[in-house]
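Examination of the molecular architecture
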Amino acid sequence: LVNGEESFVTAPIELSAKIKARIPSPSGSKLLVLVEETVPESESESTRHVIEIWTKNGQSLSNRIALSKEVHGKICTDFAWFGGISWSPDESAIVYTAEVNRPKASSFFANHSGDDIVGGQFTLGVGKREDWGEKYTDTALLALFLLNVETGNVRIVRNVPGSDVYDGSSRGGGFVLGQPIWSPCGNSVVYVGWDAGGAEMPRRLGAIYCFQRPCRIYSSSVKILLKDLSQSASSEVISDDPYECITPSDRLARSPRFSRPKNGTSTLAYLANEKGFDTHGGCMALCTSNWDTSTSMIVKDSKRVVVEVVQRPGDVGDGTKVQGYEFPGLFLHQLPRECFTHDGEHIVTTTEWGSVNKVISISVKDGAKNDVLPINFDLTGTGYGYHA
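Throughout what follows, the structure given in this document is the object of discussion. Computed from a predicted structure; not experimentally measured.

Let's talk about the overall build of the protein chain
When its secondary structure is counted, the protein chain shows 1 helix and 25 strands. Relative to its full complement of 388 residues, the protein chain shows a buried share of 49%. Across the protein chain, the fraction of contacts at a sequence separation of at least 24, relative to all contacts at a separation of at least 6, is 54%. Surface exposure of the protein chain reaches about 19,600 Å², of which carbon and sulfur atoms provide 49%.

Examining the layout of surface pockets
Volume-wise, the largest pocket comes out at about 1,000 Å³. Of all the secondary structure elements, the ones that give two or more residues to the lining of the largest pocket are β1 (19–24), β5 (85–87), β11 (175–182) and β15 (252–258). Within the lining of the largest pocket, the residues separate by chemical class into 15 nonpolar, 9 polar and 5 charged.

Side note on the sheet that holds β1
Sheet strands line up and pair through hydrogen bonds in the backbone, either parallel or antiparallel. Taken in spatial order, the 4 strands make up an open sheet running β1-β2-β3-β4, and their pairing is antiparallel. For this open sheet the edge positions go to β1 and β4 (60–66), each flanked by a neighbour on one side alone. Direction aside, the axes of adjacent strands within the sheet are offset by 20° on average. Note that strand β2 (residues 31–38) and strand β3 (residues 47–55) share 8 bridges and pair antiparallel. If you follow L34 over to β3, its bridge partner there is I51.

Some points on the sheet that holds strand β6 (residues 93–99)
If you walk across this open sheet you meet the 4 strands as β5-β6-β9-β10, and the pairing is antiparallel. Where the open sheet ends on each side, the last strands, each with one partner, are β5 and β10 (154–156). Pairs of neighbouring strands in the sheet enclose a mean axial angle of 25°, with direction left out of account. In this structure, β6 lies alongside strand β9 (residues 142–148), joined through 7 bridges in antiparallel fashion.

Overview of the pairing of β4
Bridge count for β3 against β4 is 6 bridges, and the pairing is antiparallel. Within β4, the position partnered with E52 by the bridge is R64. Counted along the chain from β3 to the antiparallel partner β4, the turn is 4 residues long, and its residue K56 has a positive phi close to 55°.

Remarks on the side chain of E91
Position of E91 relative to the elements: it lies in the loop between β5 and β6. Despite its burial, E91 remains without a salt bridge, the nearest opposite charge being carried by K30 at 4.5 Å. Excluding anything up to four places from it in sequence, E91 contacts S25, P26, S27, G28, S29, K30 and V149.

Considering the pattern of salt bridges
For the structure shown, the criterion picks out 5 salt bridges. We note a salt bridge from R48 to E37, for which the minimum N-O separation is 2.8 Å. A residue pair is termed long-range when its members are at least 10 positions apart, and R48 in strand β3 and E37 in strand β2 qualify at 11 residues. On the accessibility criterion, R48 (23% relative accessible area) is partly exposed. Relative accessible area serves as the criterion here: at 14%, E37 is assigned to the buried category. With a closest N to O distance of 3.0 Å, E52 and R64 form a salt bridge. Remark: R64 occurs in strand β4 and E52 occurs in strand β3; sequence separation between them is 12 residues. One network of salt bridges, in which partners are shared, links E37, R48, E52 and R64.

Points about the environment of S363
Assignment of secondary structure puts S363 in strand β23 (residues 356–363). Between the C-alpha atoms of S363 and V348, which are 15 residues apart in sequence, the distance is 9.0 Å.

How each quantity is defined
- Residues numbered from 1 in each chain as written.
- Predicted model: local features only at pLDDT ≥ 70, side-chain atom pairs only at ≥ 80, totals over all residues.
- Heavy atoms only, no water.
- Helix = DSSP H or I, 4+ residues; strand = E, 2+ residues; numbered from the N terminus.
- Buried < 20%, exposed > 50% of the residue type's maximum accessible area, 1.4 Å probe, protein only.
- Contact = heavy atoms within 4.5 Å.
- Areas by Shrake-Rupley, 256 points an atom, 1.4 Å probe, with all protein chains shown as cover.
- 1 Å grid on protein atoms, 1.4 Å probe; cavity = no way out; pocket = protein on both sides within 12 Å on 5 of 7 lines; lining within 4 Å.
- Points joined across faces, edges and corners; volume = space filled by probe spheres on them.
- Nonpolar A, V, L, I, M, F, W, Y, C, P; charged D, E, K, R; others polar.
- Pairing = 2+ DSSP bridges.
- Axes fitted to C-alpha atoms, helices over the stretch in contact; angles between N-to-C directions.
- Lys, Arg positive; Asp, Glu negative; His and termini not counted.
- Salt bridge = Lys/Arg side-chain N within 4 Å of Asp/Glu carboxyl O.

What follows is the structure, given as structure tokens:
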């Protein structure tokens, strides 16, 4: 049971290769299935993405939405880094990341329409784009898109950093947006923006195994956009409030996660490193900020560093050792999707501790830096406890 209602639970089943993602809703009563299928009656055997919405605990197909390639390109399903698909708290909408379509460009010698950028088919930022290197050769410019699961309307979120490159009006690199989640009130989306030439980075560099690329966490109000998408005929003119950078002082910030709201406030946890690092990977700090659910904004000056960047093993922690090593700091790519305990006082995550990927519990109630405890799971069935 979830919130007193029957939730979606199935036995393990084999999934077809065309199914790219299965995302249950917060209550568990709905299920999103992302399908990549061949376009019917297509001579070139081109593919398209279809979003299926299943209700009644995944037993009834409620809506099937074929996503037009005129709206965006391929949906990013790399949930380990750039990608993300998230249900709104009221389960009426979905936010996801997808490739922005390139501006239409044609040769000087070809017939072209008034919307074409003549001679731009080989121009960087128009017909050609930089990708993110190995594994991400199909990833150039990702943006956020909102989908209403009832009407099937889809729209790009424009009050984000670097949005001037979406329509080809700017040749800058902009920002690649990913890891989106909803605020607890459902009026804003919180996400990560990687500098792709829109700020200090002159160009994109490789992303695979390169966790030092500059990125920050932002929030954008989507209240007006959501209202527009709920209409049977949505308009193009949307004017939500400007975006806000939540982590302006951090060179690296990623993996935003919310706790359950309590007394009008929720805790936003994320990984950050103020100075960054030159190596491919490095130690991250665990930070929290308070989120006001009534204003859908971060409470000013509420940032707190729960676990600092550790320079030497043992600087943080109570001396507990794993394989002879004291706590080395947080070495992980993302926090678990549901990392907060039910009371919101602890975060359960993993970190590389010596040669072990260890599950740890971190207190966030009072910011006690010595309350980082490794959890030892006893698989013999006799119980589990903290590893000493």
